[in-house]
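Examination of the molecular architecture
Residues per chain are reported as follows:
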Amino acid sequence: MSDVDLSTLETELLSESSRVALSDYIIEVAWSPDASKLGAVTVEGSVFLIDYHDNSARFNLIGQHAGGANSLSWCPDGTEFATAGHDGLVKCWAAESGQLLCSLRAGDSWVSKAIYNPRRNLLATAAGKHLKVWNDNREPFYESSEHSSTVADLGWNPDGSGVAAAAYNGITVHVPGKQHRPRKYTWKGSSLTLSWSPDTKYIATGEQDSTVHFWHVKSGQDAQMQGFPTKVMELSWDPSGRWLATGGGTSIFLWDCSGKGPADRKPRQHQGHSNKVTQLTFQPDGELLASADADGLLFLWDPVKQDDVIGGLPLSSPASCMQWCKGGKLAVGQRDGNVIIFDVN
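Rules behind the numbers
Residues numbered from 1 in each chain as written. Predicted model: local features only at pLDDT ≥ 70, side-chain atom pairs only at ≥ 80, totals over all residues. Heavy atoms only, no water. Phe/Tyr/Trp six-rings, centres within 6.5 Å; stacked < 30°, edge-to-face > 60°. Helix = DSSP H or I, 4+ residues; strand = E, 2+ residues; numbered from the N terminus. Buried < 20%, exposed > 50% of the residue type's maximum accessible area, 1.4 Å probe, protein only. Pairing = 2+ DSSP bridges. Axes fitted to C-alpha atoms, helices over the stretch in contact; angles between N-to-C directions.

**Quick look at the packing of aromatic side chains**
- Overall, the coordinates contain 9 aromatic pairs when judged by the stated rule.
- Both rings, one in Tyr 202 and one in Phe 214, keep their centres 6.4 Å apart while their planes meet at 85 degrees; by these two values the pair is edge-to-face. Here Tyr 202, found in strand S17 (residues 202–207), pairs with Phe 214, found in strand S18 (residues 212–216); they are 12 residues apart in sequence, far enough to count as distant. Both residues of the pair, Tyr 202 and Phe 214, belong to the buried class.
- The interplanar angle of 75 degrees and the centroid separation of 6.2 Å between the aromatic rings of Phe 299 and Trp 301 together place this pair among those described as edge-to-face. For the pair formed by Phe 299 and Trp 301, the shared burial category is buried.
- Three or more aromatic residues joined by ring pairs make a cluster, and in this case those are Tyr 202, Phe 214, Phe 228, Phe 253 and Trp 255.

Here it is, written out as structure tokens:
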């Protein structure tokens, strides 16, 4: 049970706009830049294209990754999206038709991530220890295997200048074409997930040893935050880059990264979930934070202004992924295969 009295929860703050049933555990769901479409991939490797207009959603199964899928990313101009799979391939798909444009061999049998540059039509992929960056003709023009282990996560600098790879012994930042050697931010631990601050000042990582690591990008100075009950896989920055929300248990922690940064500052703690927080995401153009837990509860917070939950509702199945679009719609992928689009009222 939740620590929040569900009978008093403001359930009308979220209203269901549309839903589609894809009949398989949703690994990732992502909005197109204009919020007219969604891409979704499932644990069995199915690739879906969802058209969303006038609060109505229709889906098409457009392809498959043999063995399963891991990630999905949209090109910044919205003309295509890419998926990464257990078959060693990254596949690029046309946004309008759903046609397969190309299949790229990423360098190992398991492709953990494919992610587009936020400013240019470049695609970064990670498979095993191998990073590749592909140009707009989908030819690799930069490759590196200078990682201590399998790359667990990738993230582009929000200004598009470089891409960071998380692995054992910290993170490595690659700036293709402008760097003789990649820059290493060394840490004796295993980084599982990473997130750049929107102002590009910090990179935060969730660690295998149940800590959060902050790296000041320019100086290389770091800070470690301890005391989380579980591995921290949930990281989300507010649009300003001042606040980082983290999971790692039943509580949500909000870290103030302004001024001197988060070191030696006590985070704000937001309590309401009684089971592990599994999803956490700030609006890209607002102040609201959405969270979901292993019990299938979806909560909304205004965490900078209020300590308590401001609204939410129970889902039919626990959320496996979530993403906001600009304009305030929230897409939630669930373990039972449903993708639900919510409006904030």
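Text resumes after the structure shown.
**A short note on the sheet that holds strand S9 (residues 100–105)**
- Taken in spatial order, the 4 strands of this open sheet run S6-S7-S8-S9, and their pairing is antiparallel. Looking along the sheet, the strands with just one partner apiece sit at the ends: strand S6 (69–74) and S9. Across this sheet, the average inter-strand angle for adjacent strands is 20 degrees, counted without regard to direction.
- Both S6 and strand S7 (residues 80–85) contribute to a ladder of 5 bridges, which runs antiparallel. Within S7, the position partnered with Ser 71 by the bridge is Ala 84.

These figures capture arrangement, not role.
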